[in-house]
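Structural overview for review
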Amino acid sequence: MPLDLRLRDASRFSGFCAAGNALARDAVRALSVGAGIQEPQILLHGPPGSGKTHLLQAACHQGHERGEPVSYLPLGEVRDAPPMAVLDGLERSRLVALDDLEAVVGRGDWDEALFGLINRLRDAGCRVLLAAAAPPEGLPVQLPDLASRLAWGPVFRMQRPDDAACKEILAQRAALRGLELPEPVADYLLRRCSRDLSTLLALLDRLDLAALAQQRRLTIPFVREQLARMG
């Protein structure tokens, strides 16, 4: 399966707006370097746009920069593949991040494969990050032993960012791209568009490309024009 599993360059701890998720961020950052941790596994759960993927990828960036072999796997993109083929050999990494658990748990072959993987990772001394839409007890796991493994370490509920946090995150992403995002423009986006952070960030990427192509700044008239073109 041809997959694009590259880490997003913007997914760094320095670019993460905690906004109620500071404990989760600090725990994941400590685990990413193996510093002062008692349990080498963390599970994050929460709605889309709450920062789960950002933290998993930030940890992988951190591990990679330390020269460690790391693996980030968005399970939603491989749900139709044979699970053993997908998960085989991950225990050779020092840090393994499994995203979108809800996409595969509850399917017998995946439950068995994940159960075996988590045991192998534990035996190999790997650090493990998991992310799901719901806590372990809220996932449709059919294998009781897997349910217990998912809850082995700390479990953090991620909070979706409020409007103020969304504006801060958008401004940070814009700055990384060399863009200025005036506050009135950010307010306009929040009024006119979905407040889902993933959608807003994807929209900002499209606006950046349009502004670059037309040599324009991000103003309300320009954004209004682009939104009309996007439908």
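Notes on the structure follow. (Residues numbered from 1 in each chain as written. Predicted model: local features only at pLDDT ≥ 70, side-chain atom pairs only at ≥ 80, totals over all residues. Heavy atoms only, no water.)

**A closer look at the packing of aromatic side chains**
In plain terms, the rule: We call Phe, Tyr and Trp rings a pair once their centres come within 6.5 Å, taking the six-membered ring for Trp, and we label the pair stacked below 30 degrees between planes, edge-to-face above 60, and tilted otherwise. Lysine NZ or arginine CZ positioned within 6 Å of the ring centre and within 35 degrees of the ring normal marks a charge as sitting over the ring.
Tallied over the entire structure, the rule returns zero aromatic pairs. The ring of F13 has R29 sitting right over it, with the charged end atom 5.6 Å from the ring centre.

**Some remarks on the layout of surface pockets**
The condition is simple: Using protein atoms alone on a 1 Å grid, points that fit a 1.4 Å probe yet trap it form a cavity, whereas open point sets bounded by protein on both sides within 12 Å along at least five of seven lines form a pocket; residues with an atom within 4 Å of a point count as lining. Grid points are joined across faces, edges and corners, and a volume is the space filled by probe spheres set on the points. Comment: elements are numbered from the N terminus, with helices defined as DSSP H or I runs of at least four residues and strands as E runs of at least two.
Computed from the structure, the largest pocket encloses a volume of approximately 720 Å³. If you go around the largest pocket, you meet 33 residues; those closest to its centre are R8, H54, R173, S198 and L201. Every element with two or more residues in the lining of the largest pocket is listed here: helix 2 (52-65), helix 6 (163-176) and helix 8 (197-214). In terms of residues, the lining of the largest pocket owes the most to one element, helix 8, which gives five residues.

**Focus on the sheet that holds strand 3 (residues 95-99)**
Convention followed: Strand pairing requires that DSSP identify at least two bridges connecting the strands. Note on geometry: axes are lines fitted to C-alpha atoms, helical ones only across the stretch in contact, with angles between N-to-C directions running from 0 to 180 degrees. It only takes one pair of heavy atoms within 4.5 Å for two residues to be counted as in contact.
A sheet is described by the order of its strands in space; here five strands give the open sequence 2-3-4-1-5, paired in parallel fashion. Each end of this open sheet is capped by a strand with a single partner; those strands are strand 2 (70-74) and strand 5 (155-157). When strand polarity is set aside, the average angle formed by the axes of neighbouring strands in this sheet is 15 degrees. For strand 1 (residues 41-45) and strand 5, the ladder comprises three bridges, and the chain directions are parallel. By the bridge assignment for strand 5, L43 is matched with V155. Set on the sheet, helix 2 makes contact with strand 1, strand 2, strand 3 and strand 4 (127-132); between it and strand 2 the angle comes to about 160 degrees.

**What about the environment of A58?**
Convention followed: Each residue is assigned to one of three classes by its accessible area relative to the maximum for its type, calculated with a 1.4 Å probe on protein chains only: buried under 20%, partly exposed between the two thresholds, exposed over 50%.
Within the secondary structure, A58 sits in helix 2. Residue A58 is classed as buried on the basis of its relative accessible area, which comes to 2%. C-alpha separation for the pair A58 and R120, spaced 62 residues apart in sequence, amounts to 24 Å. Every residue in contact with A58, bar those within four places of it in the chain, is listed here: S11, R12 and F13.

**A short note on empty space enclosed by the protein**
The test is simple: Three residue categories are used. Nonpolar comprises Ala, Val, Leu, Ile, Met, Phe, Trp, Tyr, Cys and Pro, charged comprises Asp, Glu, Lys and Arg, and polar comprises the others, including Gly.
Taken as a whole and assessed by the stated rule, the structure comprises one cavity of 30 Å³ or more. Reported here for the largest cavity is a volume of approximately 40 Å³. Together, P40, Q41, I118, L121, R122, C126 and V128 line the largest cavity. No other element matches helix 4 (residues 108-124), which puts three residues into the lining of the largest cavity. The residue makeup of the lining of the largest cavity, split by class, is five nonpolar, one polar and one charged.

**Details of the nonpolar core**
Put simply, the rule reads: For this analysis, a nonpolar core means a set of buried residues of the types Ala, Val, Leu, Ile, Met, Phe, Trp, Tyr and Cys, connected via side-chain atoms within 4.5 Å.
Core analysis: the biggest nonpolar cluster contains 31 residues, and L87, L98, L101, L114, L146 and L150 have the highest contact counts within it. At the level of secondary structure, the elements contributing two or more residues to this core comprise helix 3 (83-87), strand 3, helix 4, strand 4 and helix 5 (144-150). For this core, the leading source of residues is helix 4, giving seven residues. Dropping the residues within four chain positions of it, L87 is found in contact with L73, W110, A113, L114, L117 and R120. Within the second largest apolar cluster, 26 residues are counted, among which are L190, L201, L204 and L207.

**Side note on the pairing of strand 3**
Inclusion rule: The path from the first strand over the helix to the second decides the hand: if it runs clockwise while the strands point away from the viewer, the crossover is right-handed.
Among the five residues that make up strand 3, five are buried, leaving the element largely enclosed by the rest of the structure. Side-chain alternation along strand 3 places L95, A97 and D99 on one buried face and V96 and L98 on a second face that is also buried. Examined bridge by bridge, strand 2 and strand 3 share five bridges and lie parallel to one another. Along strand 3, the bridge assignment pairs V70 with L95. Two elements, strand 3 and strand 4, share four bridges in a ladder whose sense is parallel. Along strand 4, the bridge assignment pairs L98 with L130. What joins strand 3 to strand 4 is helix 4, and the crossover it makes is right-handed.

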